[in-house]
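Residue-level structure breakdown
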Amino acid sequence: GAIPPIDFRALLNDEQFNAVTAEPGPLLVLAGAGSGKTRTLTYRVAYLLSKGVKPSEILLLTFTNKAAKEMLHRVHDLTGVEPARFWGGTFHSIGHRVLRIHGEAINLPRNFTILDADESESLLKQAVEEQDKLFFKDKTNPRPGPLFSVLSLSRNTQLSIDDTVVQYFPQYSEIKMALPAFASAYAAKKREQNVCDYDDLLEHWLTLLIKAPEVAAYFAHRFRHVLVDEYQDTNTLQAQIIDKIATHHRVMAVGDDAQCIYSWRGADFENIMTFPERHPGTVIHRIETNYRSTPQILALANGVLNAQPKGRHFDKELRASRANAQKPLVVQCIDDREQGDFIIKRIRSLMEDDGVSANEIAILYRSHFVALETQLALSKAGVPYQITSGVKFFERQHVRDLVGLISFVYNPSNQTGWNRIAVLLPKIGEKGAQKIYSAALDHAKLMQRDFIDALATDDVKSKVPKDAKDEWDSFCSSLAEVAETMKNDKPFKVVEMAIDGWYGDYLRGAFADYIDRLEELKAMVGFAQRFDEMQDLLAQIVLMNGETSDRKVDPDAEAIKLTTVHQAKGLEYDVVFVIGLADGMFPGRRAIEAGDVEEERRLFYVAVTRAKNELYLCYPKVATRAGPGGMLLQPSRFITELDEKLYDPLRLKRSFGW
Ligand code: ATP
Ligand code: MG
């Protein structure tokens, strides 16, 4: 039907209006956080429809599928056009759709299957072992996981494997010559089995656009308008897809170079800087008014931007449009626990006294382990919360391994825990793990000895595959030490002992980012300090997992959001708590050691600009995860480098309340 008239003038400011109603052609909207970039893109879709463009002629690329859905719902409200009539979503989901229909043009059969991350890694492992049987035997070589990361980054950045190793993975320099052959073997395997990994959804899409000109021409004709949100976080592969699909240059990209936070996945904000070169005649639109946040929050956000070293970025300043309010609070807490207590009290008062809805409150952090205590505090206080981001702390592989190990030692009849850890040994699969388990069980019964002691006997060791024998002894003695500690000491000591033993060694060999993972496991030590009994610790972990597992979460339920800053991109909340703002936590230690904290600073900027009305920046004075007594922390440099006039300090004193 006809589109009802829309009063764009009334709904948009002048800058937004000009962008929304601009002549078709390359358009780049560069603007700071909360200035209405996403809104501009949404209204642009409505505007195009009002000019007679058909929904099928518009391609909308967003960072999450949820974002696309929300934008198209808004379009529906404005125009009455059903969301289902558009192609809108992430690059991966659109790539998938394209390949299902047109993949045959590059010999990709229609019925291909998509591999998840685990499946991709194990196929790569298989491909490598067919080339070089001994590759993974050598402990100095990367395991399949890290190897996959190298190849994946090289594909997303479109750099050669050689350059990728030199720039991002210097630790693998010695073996880099072997990698291209592995990459081809892996690609051949995928072809043979008619499967795609996630990167293929982009890579094959680009190949299709290059190798099948008739398909490329069809798309250029079909999608007369291409719109891209969060353009600063596109990687080279994605930028090339856009360039190839929009050879007509009717492309509108919106972004904020100061919010580029995915360079570890190959995002490169050079893409935004060079957009005008790649799309001649680009008209740049800037929006300077911020509609989201109070002037006080914006002043602080501007302070963060001004602390950036001079370099290659667009200068911008956010202009406030809202009424004055209180300054952001910088909250110094004694430790994680007090940080959690503070947040609970504050949230209670926000919800009960000020009538703020739980959905409008978010707790943001750099990585999940930072939020353990807060999570516990929320659980205990019975405040409903949701963890809305990717893999949660207790679901992380290494965390589950460690919990598996400990719960197995706590209760050796728990075979799940056993299966989880035994398969980490070389050449032991599920069947082997069960075989060893039964042997140990028989032995323990027969000799009336402890199950863990039985593991170390020759009887049982004879069931262990040759390749695992070396590790077996340290595995058994580590389990015995953990068991011994469990008898005599507090749970946190047990956790410490487990990390210091065999599992710590395994971690070092298994993950390229083992330093980060080790740090997360140490957070478990701090967490465990709250418990006197092992069973309480284990029960709490199960409980916290249950509360946050996706299956039980109703996305519309009233609940406080706990999320990493990465996952909060593009979103907004009335009240935002950023927690764990100590140097070494945010910015993280690795960034500090590498001497480059700029990406972390942009991440901090993203965090503070999520807040509409109230912003709390919290940091613990002492890191409990270093053990009792703890380690003294410094407030984040991102706070200390700010002008003190930009916030109010709040120093908590546990015994006096606040
Ligand atoms: P981010 O950089 O975080 O993605 P953004 O630039 O995409 O932010 P939006 O999310 O589009 O910003 O807008 C921020 C908030 O300001 C939203 O609540 C939006 O509805 C509101 N807003 C934007 N423009 C206007 C306007 N002209 N009038 C009223 N409200 C507006
Ligand atoms: Mg946005």
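Residues numbered from 1 in each chain as written. Chains lettered and ligands numbered in written order. Predicted model: local features only at pLDDT ≥ 70, side-chain atom pairs only at ≥ 80, totals over all residues.

A few words on the overall build of the protein. The helix and strand inventory of the protein stands at 30 helices and 19 strands. For 658 residues, the compact-globule formula gives about 26 Å, and the C-alpha radius of gyration of the protein, at 27 Å, lands near that figure. For the protein, the spread of C-alpha atoms along the principal axes amounts to about 85 × 70 × 45 Å. Considering only contacts within the protein whose residues lie at least 6 apart along the sequence, 76% involve residues at least 24 apart. (Helix = DSSP H or I, 4+ residues; strand = E, 2+ residues; numbered from the N terminus. Rg over C-alpha atoms; globule rule 2.2 N^0.38 Å. Contact = placed C-beta atoms within 7 Å.)

For the rest of this paragraph, the subject is the site of ligand 1. Taken together, the neighbourhood of ligand 1 is formed by 18 residues, with G36, K37, T38, R39 and Y291 sitting nearest. Considering each element in turn, the shell around ligand 1 owes the most residues, three residues, to helix 3 (residues 37-50). When grouped by side-chain class, the residues that make up the shell around ligand 1 number four nonpolar, nine polar and five charged. (Near = placed C-beta within 6 Å. Nonpolar A, V, L, I, M, F, W, Y, C, P; charged D, E, K, R; others polar.)

As a further point, take the nonpolar core. In terms of nonpolar packing, the biggest core is built from 167 residues, with I363, L364, L402, A498, V578, V608 and C618 touching the most fellow members. Ignoring sequence-local partners within four residues, the contact set of I363 consists of I343, A371, T374, I560, L562, F577 and I579. Among the nonpolar cores identified, the runner-up in size contains 15 residues, and A127, V150, F169 and F182 belong to it. (Core = buried A, V, L, I, M, F, W, Y, C linked by C-beta atoms within 7 Å. Buried ≥ 20, exposed ≤ 12 C-beta atoms within 10 Å, placed from the backbone.)

A few words on the environment of V403. Examined against the element boundaries, V403 turns out to sit in helix 18 (residues 397-410). Overall, V403 belongs to the buried group, with 21 C-beta atoms counted inside 10 Å.

A separate point is the confidence of the model for the protein. Summary statistics for the protein give a mean pLDDT of 90 and a share of 95% for residues scoring 70 or more. Of the two predicted TM-score estimates for the complex, the pTM is 0.85 and the ipTM is 0.99. (pLDDT = per-residue confidence, 0-100.)

Taken together, seven strands build an open sheet; the order of strands is 13-14-12-15-16-11-19 and the sheet is parallel. The sheet terminates laterally at strand 13 (385-387) and strand 19 (648-651), the two strands that pair on one side only. Strand-to-strand twist in this sheet, taken as the mean axis angle between neighbours without regard to direction, amounts to 20 degrees. Summarising the sheet, strand 12 (residues 361-365) and strand 15 (residues 573-578) pair through four bridges and their orientation is parallel. Bridge pairing links I361 to V575 in strand 15. (Pairing = 2+ DSSP bridges. Axes fitted to C-alpha atoms, helices over the stretch in contact; angles between N-to-C directions.)

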